[in-house]
Amino acid sequence: MDPEDQFDVIVVGTGLAQSLVAAAHARRGDKVLHVSPSGAYGGALASFTWPEFVALGGEDGKESFAGFSDFEHHGTAEFSDRDARAFAIELCPKLLYCQSAVVDLFSTTGVGRHLDFKLLEGSFIHLNRTGTTGAGAAATERVPASKEDVFSSKTISLMDKRRLMKFFNTNLDPAAAAAAGAEGEEGMETTSFREYLHANDLRDTLEDVFAYGVAMLTGDSSKATASAGLARTRKYLSALGRFGNSPFLASMYGGGSELAQSLCRVAAVYGGVYILGRPIASLTRSGDTWTLGMQLDGPNHPPHAFTAPRVVVDPTVELPGLVTPVESPKIEDEATHMAVLVTRAPVRDDAKLALFVVPPPPTDATAHAVQVLHMCADLRVCPESTYLLHARGTSRADIDRALELLVPKAEDRVHVTHFKYWAARATAAGEGVLVVPAPGAGIDLDDDVVPVIEQWLESTPRKEGEAGEGEERVFLAPLPNPDDEQVINEAQRILDAEGSSSKGE
Amino acid sequence: MHGRKIIHMDAAAEAARKIVMLEQIKEYRVKLDEFMRLRAAKDSSETALASTTTMLSAYPDHYTAWNYRRELLPAVYSGAALAQALQSDLVWLTKTVQPANPKSYWVWNHRRWCLDTLASLLTAASKGDDVVAMWRNELLLVNKFLELDARNFHAWGYRREVIHHLESLGVFLQEAEWAFTASKIAQNFSNYSAWHYRSHLLPEWLAAKNISFDSVLDDELELLNNAFFTEPNDQSSWLYFRWIMAKAARELDADRVAAAIASQVALLDELLDMEPTCKWIMTCLVFLLTLDPARSAEKAARVQSLVSKLQEIDPFRRDYYATLLLSDA
């Protein structure tokens, strides 16, 4: 076998998880082959142009894509060719908390240098739960993201403002919070988050603002423990002010695929070989070695064989002849319901890139909140003067209700596509194979990245000469800083000039 | 600049940076020697002017170069040509020098000098309208600076100067300025400069709109209440509050003042319940109780207990707090 065809790792699919792993292996000097039958990056987080998007589901809507299925497209929207291409619709868009594992990863390693993000302009709660019958922008309340938001609010009373600020300030510090709650750490596990909020005099609108807008719960606050609610509150609070007046960042140009590409770039720079858009013929194992057969030339040619001791796949990958030593992937029992709504006007004029949360109605204890990510052309995911509202929830009825509350006029709802997502989870990895998790249905990108990093560190033996020898192990060593390189080159120029001038004397 | 992290580079980059810096110092000495030679010779040619440009492009804090430049510009140019030269200096400051050095005294001074000199030239040439347009433009520039850094006191001070220039030319902008301070306070109510500007503007704005202080007091108090209920430890709003209450006590009739004091005391008592160790609330209560001329044994007792509490939580200032005690009722 040609040594060129022998690798240390073969990664299948350019989903975010696979791209992270490819970068980690390549960065530490492993020989990586990264393949994907698809011509597009991102796996389940890939983004679609308008024609691609409306074609999802096929004839009957049942044709699935990476765990997404049951597509229903409604609407008469027509776009010019140029506008149609200006769409980059992701089926499960994510947000990054400004203080998070993902941001740390991208900033410390320098991978983020080639990525663009926008800060959200606000997050809002719909007030339907506390009896407001209004719909549209007037019934939404801004979730405070700074003391200025609290100061400027016209609906929160003076005393409530003080309570809110006290709560913000005490809970930022876990030690202070535990001390403040006399029951201590254990008490926090048995008290519900709702009881804890009430104990701090946060009720009605403020309670909802905290439970759904700050702690970002999806279920009822009586079902979450105080410690869980507080952990999420702390994550929100620690993200405030880092980059500006919102705790959330959204990636431009269709996040998932951009992030995956950026990581693949790292892998390529460190010698990773990429074969994209070519079908896989087979993936078999013999002894300690995997052999991947890829159709590089036409179907009449024999497939090209590559070998490696380790393969990395995700549970949604379907390969002919794949012999997996692992159990078939366990699918979530319940799908997450999602929808993409296209409108021509924003819900609120003051926040075109925003998060709206519609809490469950007070009369239904089993209902869940619906989170709606409101995106605009600034993210380069849709053409000017169009807006994409991406909703996620646990029932179709909840989604319909949420969309009607936010965009009450039917004529504003230009197009809506409903679909479902089954987030596939893998069972334990077997010999020589790493089955990375598929992206979850949640909105926090950390939930898709942190488990991948932990899984890789746990399942990948340390290599001799790997960065951080003797110290805590790093997933991805920092990339060289181009500014430092520039200074070093500049210094070299100066030294060379001096050297040649002194020789001339 | 505060908030900048110290970036630790690896040894190679560190060493490289030293070499580059030494080279930069060499270049500086060459430019400086040439500049000083011309200066000592009292050279007033275009060459000298060019040397100040060279110096200032690289080292904008070199105030000797600015001084020399201000001597040279009218020496080298006059009349329309001087106006032209001043205009291009202003463009250079706006586009290049000031964005990189928004808080340099010397740069702001040079800007002022250019505008004053230009204003005289334009007035002499009977171009009064151009002068007004020039100052209006300056206001737009100041807005930009305050957008970049709402707490740049150079920009705030400059703003006042521009407004005064415009007023002396018959252009009155109090309404717009009032709205401007409100927006800056809403953006960040710890902005002491914005509150301070507001306090200077208030009497002018009232005069311009021909409305009474009485009619705006309640709105101002509501704004202030929101500020200290949101963040009682922020000094700016307390200072403005004390100033406005003192102004009310001086100018409005006694009943009105007593009522305002009473309602504010009640609010502050509620706030004190929630924040029992906040010294600003306590000192403000003492201030308000003292402001109201009525004296009683109860009041003296209340002040006494506030002062004791203050001395307990802020022992470094115990003697100062002692001076706040009321004399016998």
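Everything that follows concerns the structure shown earlier in this document.
The rules we used
Residues numbered from 1 in each chain as written. Chains lettered and ligands numbered in written order. Predicted model: local features only at pLDDT ≥ 70, side-chain atom pairs only at ≥ 80, totals over all residues. Heavy atoms only, no water. Helix = DSSP H or I, 4+ residues; strand = E, 2+ residues; numbered from the N terminus. Buried < 20%, exposed > 50% of the residue type's maximum accessible area, 1.4 Å probe, protein only. Contact = heavy atoms within 4.5 Å. Buried area = accessible area lost by both parts, 1.4 Å probe. Salt bridge = Lys/Arg side-chain N within 4 Å of Asp/Glu carboxyl O. Nonpolar A, V, L, I, M, F, W, Y, C, P; charged D, E, K, R; others polar. Phe/Tyr/Trp six-rings, centres within 6.5 Å; stacked < 30°, edge-to-face > 60°. Lys NZ or Arg CZ within 6 Å of the ring centre and 35° of its normal.

Colleague: Hey, could you go over unusual backbone geometry for me, with residue numbers and the actual values?
Modeller: All names here are of chain A. Of note in this structure, Met-216 is not a glycine but carries a positive phi near 55°. Mapped onto the secondary structure, Met-216 falls in the loop between helix H10 (204–214) and helix H11 (226–239). Even without being a glycine, Ser-385 presents a positive backbone phi close to 65°. Since its relative accessible area comes to 49%, Ser-385 is described here as partly exposed.

Colleague: Quick rundown of the interface of chain A and chain B? Include the residues and the values.
Modeller: Contacts between the two partners involve 22 residues from chain A and, on the opposite side, 29 residues from chain B. A combined buried area of about 2200 Å² lies between chain A and chain B, and 67% of that area is made up of carbon and sulfur atoms. Among the residues chain A hides against chain B, the three largest losses belong to Phe151(A), Leu158(A) and Arg162(A). Together they make up 33% of the total. At the boundary of chain A and chain B, one finds five salt bridges. Among the ionic pairs, Asp234(B) bridges to Lys147(A), the shortest N-O distance being 4.0 Å. Breaking the side of chain A that touches chain B down by element, the ones donating at least two residues are helix H5 (147–152), helix H6 (158–172) and helix H15 (482–504) of chain A. If you tally residues by element for the side of chain A that touches chain B, the top one is H15(A), at nine residues. Its residues assigned to classes, the side of chain A that touches chain B comprises 10 nonpolar, two polar and 10 charged.

Colleague: Got a sec to walk through the packing of aromatic side chains? Specific residues and values, please.
Modeller: Applying the stated criterion across every chain yields a total of 33 aromatic pairs over all chains. Summarising the aromatic geometry, the rings of Phe167(A) and Tyr196(A) are spaced 5.9 Å apart at their centres and angled 55° between planes, so their arrangement reads as tilted. Of this pair, Phe167(A) sits in helix H6 while Tyr196(A) sits in helix H9 (residues 193–199), placing them 29 residues apart in sequence. Taken together, the aromatic side chains of Phe48(A), Phe65(A), Phe68(A), Phe71(A), Phe419(A) and Tyr421(A) make up a single cluster linked through ring pairs. The lysine or arginine in question, Arg198(B), covers the ring of Trp178(B), its NZ or CZ lying 3.8 Å from the ring centre.

Just distances and angles here, no functional claims.
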